[in-house]
Structures are given as structure tokens and as C-alpha cells.
Amino acid sequence: MEKNTYPVEEWKVTEEKFVKDWNYRNETTFALSNGYIGTRGTFDEGYPFTVDEGLEGNFINGFYESEHIRYGEWNFGFPETSQSLLNLPNLKKTTIEVNGEMFDLKAGEIVEYSRSLLMNEGIVVRNVVWKSPKGKEVKATFKRLVSLADKNIMAIQIKITPINFEGTVKFSSYVEAGVENHTRKTNPLVDYGPFGKHLVVEELKSDEDYILYQGETKNSKLSMACGSVVVTDGHMTECVIGEEDGHTSYEVYAEEGKEVTFEKMIAYTSELDMPKEEILPFIRAKLSEAKVLGYDKYEALQKEKMDEFWSKADIKIEGDEELQQGIRFNLFHIMQSAGRDGRTGMGAKGLSGEGYEGHYFWDTEMYVLPVFVYTDSELAKQLLNYRYDTLDDARDRAKVLGHMKGALYPWRTINGKEASTYFPLGTAQYHINADIAYAFKLYLDITGDDQYLIDRAAEVLVETARVWADVGCFAECKDNKYCICSVTGPDEYNAIVDNNFYTNLMARENIRSAMWALDRMKSLDEDAYNKLVEKLELEDEELEYWERIINNMYFPFDEKLQIYPQDDGFMMRKPWDESKIPEEKRHLLYENYHPLFVYRQKMSKQADAILGMLLHSNFFTEEELKRNYDFYQTVTLHHSSLSTCIFGILASQIGYDEEAYKYFSQSARMDLDDMHDNFYAGIHAANMAGTWQGIVFGFAGVRSNTGELTIHPKLPEQWKSYEFCVEYHGSDMRIKIEQGKVTYKLLNQVPITFKSNHEPITLNKEGEEYVQEI
Ligand code: BGC
């Protein structure tokens, strides 16, 4: 079968024809979100896809259902209830009848078809010319947006033009509330459930042009409300409200060649945002406000928000349009997926599908957050606030794991509590604690936001550090070095290992950051410092112990190869022989082999030790980085989408330019070209963000791990130039790299100091430029 590809366009992703088999994946490509509401790219008029062909999906970030988890063999500390992002009532559906014939892509003839994601406008537009079975031709244009200006709003505009007839056009606007999550049926590995309907109707009614719904989840007992209002010149001809579904119909008379317009405003909210009794009145009020504004106003506001976003986040590449499209697609999706109310995080799949049950992982902090820290620090702060907001849950979790002090963040979660059910690949990934600490520190380093350090960051850094000081010990058999046993590093093909290199390194730096934060806080605001010390009952001995850990952290080292093995046992494992694995099973090891078989092989699923070395490259010589890169290059299978981008960045740093470009190219178009063959279940947010990192941290060599901003720019030989912006301590700077030179330009009035190829540079005035030869 022909491959699904999109034409290469700078600011668009276009589906040029409708092919049923490509639908599931296209639903993710055209998924829209604003970090609060997420909706899949399904058709407004509906289409009867089977469970393997499509998934209607509408979500509210943070809104989940729980089920009691039944374990075959239960142990203390296993999470007892699941959390799944719940698929919510669909209000997009609007059927269209032209002179009594239903507009239906299955029937008649599709004369013209195109659907585009307009990445600079933040909308999806579908144009169809359709000929009915009886020969009537209509032009239909569907526009959709999920508002970045108002988190509760989704807006739809449909225009119908009769081409060769005149007559009535009937629009029927639906609510479909008998919804079920269903990814599990097609992807049992990553999804737990829940099975069946989980939203119980509390109220469903129509009120003039409004349809209003309120429902409550069966187990998590959370209520949500949603509704729609139409804007039309037509008159209502029908209103049918059932137990879980309903619709209202409107008829308009359309003359030949003249378009008629039908608009629909949709709103969602939940009791996570306001008292339960207010949610339905809130929806009603929101919709009446939206009705007055109308679709075009929301589209204009959307454009403003998109302009704001792109003015800082865009990366312009001259010389490779395919990669240009890939990077923008990736940036668009991560931007729209991030929770921005301080109460919600960002799912590994954003809000684009049910994959991974909508859970938040380390993907946010290690992959996505660095992008926002440099391009939209306010958004980055909101994601950090979510972690601060759930610090008490992390404190409780630490106790469950036997740590009397500190906080242990969950590996998978929505509400802040641990939701991973397979602890060797879940809770054992303690590194999430250090990853979150890393993100807080990065935010502080890049923004210089001292108030945030005082208000929130220091507390998180200290509480996460405390767990590291408790989980390990100074082991006599390892020269009294500090060892951390029985954890899983980022690499999910080696579980419950001793002294995972990445974990030990990140733990040490977590503790170092905590000490730095306390010192800095003391010098900035002694009062606040004393209060924190009192609140946390922090003792001097604790800090002395931390210092000992920092100076004596153990790292596995292989004398012969002069490299850092991923963990103590890594070099003992069986050499991986892929030829023994049938080709069709090679990418699906967990589906075809027992985990123990996988854990015993000397190979990795994804970047692990080298990620640590990249983040803290200031502690390693270039020779060390090269030796380790060369080694991990031979044992890493890149079965996780989080891997290639990291290899690409390190390859760039050590001068392996060809490999860097190869890895970067794979990451940049991974989702657009569906390289992992699972895009239908949702985006790979981490890799998408990894593409931005590939350019900025990779080719441009931007680093902050020495306490200052340093840049080592290179131009990939395939490109003519590339440019991007960074925010640093309140300054906005544009960096353009061309053949033989780099140009730095200050975009606002906050002076900036940094080093480019070791040369100190200061830009003082808005518009000031500095050109350096490279
Ligand atoms: C990766 C993890 C990642 C998760 C969610 C897994 O396949 O191994 O590192 O956090 O996917 O993206």
C-alpha cells in the first residue's frame, strides 16, 4: 500500500486525499489542543470508523478516571488505583444534509479533498468538493481551533456552497456522551483502561441554541461539564435530547453558488477548576460570551497567540524544507500540549490521544521543559508549578518507599500520585526525582528568577535531594563510595540495577543544586531561608552528609575500555545478537520476550549514561565523551523515541557531524513520517522537543552547565543558514548561523553577556548586533 506522506510545505501539513487506512494516524496529526482541552482530528460530520481505524477523542488535561488495580501478586506500596485521562463527550459532530441527502464521504464522490494544519495560525482547515449519489455538488469548508486565548473554548466554522443546485441545507449539531476509552483494545501494552463507560450523566439538556451536559466519573468522582452553542441564520427544526446523546437541527436555504455558514462554539470545564455547582452555569456563561464573539474573532486571537509563540520559538532553516516542516510540526504540537495553569502537566502524548493513559513522565522535564525555559519561560514555570503543587503527594510517596524524609516523585501520574503498575520500569525509575530537580535548576539558571527560588524551587530541590541521601550508602566494598542500588535508569531494557551511572550522576547534581539553592536563598532573603529550614526541619548534619555524598559518589568504570558502563552489571550481560531475533519481533521485544530475557542482554533501549554525560558535559573531557559515545553507539537500539535526539546532540558536541545530522533528521521527522508506527496513539512529545534541542544544544552548542551561557555554533553542511531565539535572564537574543559567521542580535532592552567560542560578548542595546567568524 502507498505510504502516507504529506507534501513538504513550510508552515503547513496537508493531507491531500482521504484514505481510510490513514485516518487513525491523521487524527493525531490534526489533533488540536491548548494545554487544557485536547481534541483529535476526527471529522465534524462523523465517520463510522472501527476501533482499529479511528478514535474520537476529547480530553481535559488532568481529568481522569480511576479503577481499582488488581494485581496477581500484590506487594506493599503498589499503587492501588489507576489514573486514565478520560475520553469525554464529543460535541464536534455536525451532520449536514443537502436537499435531503446526507453529506457523507463514504457515499457519492469526493471530487476534491484537502485538510491542512496551518501551523502559523493554529487552526485546521478541510476543503471538500463532494458530489452526492444523486449528483448534487457542494463545496464544504471546515475550520477548527482550540483556543489559545481562552482555555475553555473550541470553535468550529462550516461553510457550505451548493455548486449545481439550490435548496435547503440542514445542520444537526450533536452531543455524544456515551463515550468509552478504547486504546487498550488495540494497544494492550501501554494502556490499562478503563473499560466501558465511566461518565455518568448528571444533566443533559438543551436550552435555545445551547446543549449542556454535566457528568461525573464512576470512581474518581470528578464532575465535568461541557456544552455547545450554534451561530446560524437557520431556524431550528428539531431538538432531540436522549439519555446520553442529543442533537438540535437547523435549516437554511442556500442559493446556487452562495455559501451558507454554520458556527459552533464548544466549552469544557471540570470541578478541578471550580466548585462542582458552578461548572454548568460556567459553561452556559462561557458559551454565551463565545456566541457573541463568533468564530472569526477566535481565529484572529489565535493568530495573535501563534505569532507570539513563533516570534520566540521558531527555528528557521535555509536549505532543508523537509526538516523545516518537521521542526515546526514538532514545536507546534509541544506548544499546544503543555498544561499552563500550574495545576496540570504535560502527557508524554500531550492531549492528542489515549496513549500511555495520558500520563506525565520525565519526558516533560528532560525533553520539553528545556525548550520552554529558553523560549517561553512563563510556560516552563507553569509546568514546574504543577510539580510544586504535587510535592505533598511526593512526600507521601517517599514515606511509602521507606524514606522518612524528602519527596519521591511518581514515575507515571496525572494527579500527583504514582500510577505505574510495573515497578521495575515504573517506581524504580527514581531518576525522575533528579530530573525534576534538574528542570527546576535549569529554569533558575536561565531565567535568574530568584523569587521563584525562594518561593518554590529551593523546597523542591531540598526535598528531592533528601531521598538521594537516604536511598544509598557508603559501601565498604566500593572504597566507601556512595552507592545506589536497585533502581532503573532511563534505559528500560535494564531494570533494577545497581549504580546506574545516569542516576548516580543526576542524584549527585540534585544534591549539589539543593546546597546551592540553600546558600543562595540565605544570601537573598535570610528570613525566608530560616522559615524554610524550620519548615523542613533541616539539620546541619544533613548538609554535611550531603557534602560527603557529593565528594564520594560512586560511578561504575570499565578499566579496559575506559568507559562508564551503564550500571555495575552491564558488562557482564550477554552480548546482544540481533540475528537470533526474527526481524518482525526486533522492535517489539516486550511484546515477544519475557522481561528477564531482555534485562540479561548487553544492550540498551535508549540513551542513558550518555544523557547524563551530555547534561553535565562540563565534568568530562572530550576524549571521555567520545569513548563513551562510541561504546553506547554499538549497544543502543533506539527502541524508544527519546533516544536518537540525545545521541545527535552529543555527536554534534564531539564533532561527529555526519552522525549528528543523521540522528537529527530522524528525530525531526519521526512523527510526521510515523517512523515508530504508532503515531495513531498520540504524539511523541519528548522527541518532538528533542528536535529543538538537536539544533540549539546540538548544532549551535548552547550550554549553561558551567553557570554561564556558552555557545559553540556550527553550520551543518547541508544547510545555508539557521536562526533561532533564546531568552536568558530577561534578554531576548536572536542567533543566526551562516557559512563562516554567527550573528547575535539583542531583541529587547535587557543587556546580555555570554561566551561564543570562548569569547566573552556583551550586547547592551536593543537591536545591537555582534558578528563572529566561525
Ligand atoms: C520510554 C520512557 C518514556 C516513556 C514515555 C518509554 O518507552 O522508555 O523513557 O518516559 O516511553 O514516553
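Residues numbered from 1 in each chain as written. Predicted model: local features only at pLDDT ≥ 70, side-chain atom pairs only at ≥ 80, totals over all residues. Heavy atoms only, no water.

In the nomenclature of an unreviewed UniProt entry, the protein corresponds to Glycoside hydrolase family 65 protein from the organism Eubacterium ventriosum. Quoted verbatim from the Sequence similarities (unreviewed entry) field of the UniProt record, the comment on the protein reads "Belongs to the glycosyl hydrolase 65 family." (UniProt positions renumbered as here; feature names shortened; annotations may be inferred.)

A. Representation of the site of the ligand in the model. In the vicinity of the ligand, the residues found are A348, Y356, F361, W362, D363, W411, E492, K605, Q606, S640 and L642. Take K605: an N or O atom from its side chain is 2.9 Å from an oxygen atom of the ligand. Within the contact set of the ligand, an oxygen atom lies 2.7 Å away from a side-chain nitrogen or oxygen of Q606. Here the ligand loses 92% of its free accessible area of 310 Å² to cover by the protein chains. Partitioned by chemical class, the residues of the shell around the ligand number six nonpolar, two polar and three charged. (Near = heavy atom within 4 Å. Polar contact = N/O pair within 3.5 Å; in protein donor to acceptor, adjacent residues only side chain to side chain. Areas by Shrake-Rupley, 256 points an atom, 1.4 Å probe, with all protein chains shown as cover. Nonpolar A, V, L, I, M, F, W, Y, C, P; charged D, E, K, R; others polar.)

B. Region of interest: the domain arrangement of the protein. Taken as a whole, the protein is organised into domain 1 (12-67 + 79-279), domain 2 (304-370 + 607-774) and domain 3 (390-556). Between domain 1 and domain 3, the C-alpha centre-to-centre distance is 44 Å. Between domain 1 and domain 3, the contact holds seven residues from the first and nine residues from the second. For the pair domain 1 and domain 3, the summed buried surface comes to about 650 Å²; carbon and sulfur atoms form 56% of the total. The interface formed by domain 1 and domain 3 holds five residue pairs in polar contact (both at pLDDT 80 or more) in total. (Domains from an automatic or database assignment. Contact = heavy atoms within 4.5 Å. Buried area = accessible area lost by both parts, 1.4 Å probe.)

C. Examining the packing of helix α10 (residues 501-524) against helix α12 (residues 540-551) more closely. Axis separation between α10 and α12 bottoms out at 9 Å; the angle between their running directions is 140 degrees. When the axis of α10 is compared with that of α12, the two are oblique. In the crossing of α10 with α12, the sense of the turn from one axis to the other is left-handed. The segment α10 lies against α12, with R508, I511, R512, A514, M515 and L518 engaging L543, W546, E547, I549 and I550. A breakdown of the residues in the contact of α10 with α12 according to their chemical character gives eight nonpolar, no polar and three charged. (Axes fitted to C-alpha atoms, helices over the stretch in contact; angles between N-to-C directions. Helix = DSSP H or I, 4+ residues; strand = E, 2+ residues; numbered from the N terminus. Parallel < 35°, antiparallel > 145°, perpendicular 65-115°, else oblique. Left-handed = near helix turned anticlockwise from the far one by under 90°.)

D. Just the packing of aromatic side chains, in detail. Across all of its chains, the model carries 52 aromatic pairs by this definition. Their ring planes at 25 degrees and their centres at 4.3 Å tell us that Y47 and F49 sit as a pair that is stacked. The two residues Y47 and F49 agree in class, both being buried. On the numbers, 5.9 Å between centres and 70 degrees between planes, the contact of Y661 with W719 is edge-to-face. Of this pair, Y661 sits in helix α18 (residues 657-668) while W719 sits in the loop between β25 (710-711) and β26 (721-728), and the two are 58 residues apart along the sequence. (Phe/Tyr/Trp six-rings, centres within 6.5 Å; stacked < 30°, edge-to-face > 60°. Buried < 20%, exposed > 50% of the residue type's maximum accessible area, 1.4 Å probe, protein only.)

E. Quick peek at the side chain of E727. By the element assignment, E727 lies in strand β26. Judged by its relative accessible area of 12%, E727 is buried. Reaching out from E727, the side chain makes a polar contact with the side chain of K312 at a distance of 3.3 Å. Here the side chain of E727 touches S377 through a polar contact of 2.7 Å, side chain to side chain. Once residues within four sequence positions are removed from consideration, E727 is found in contact with K312, V373, Y374, T375, D376, S377, I446 and D732.

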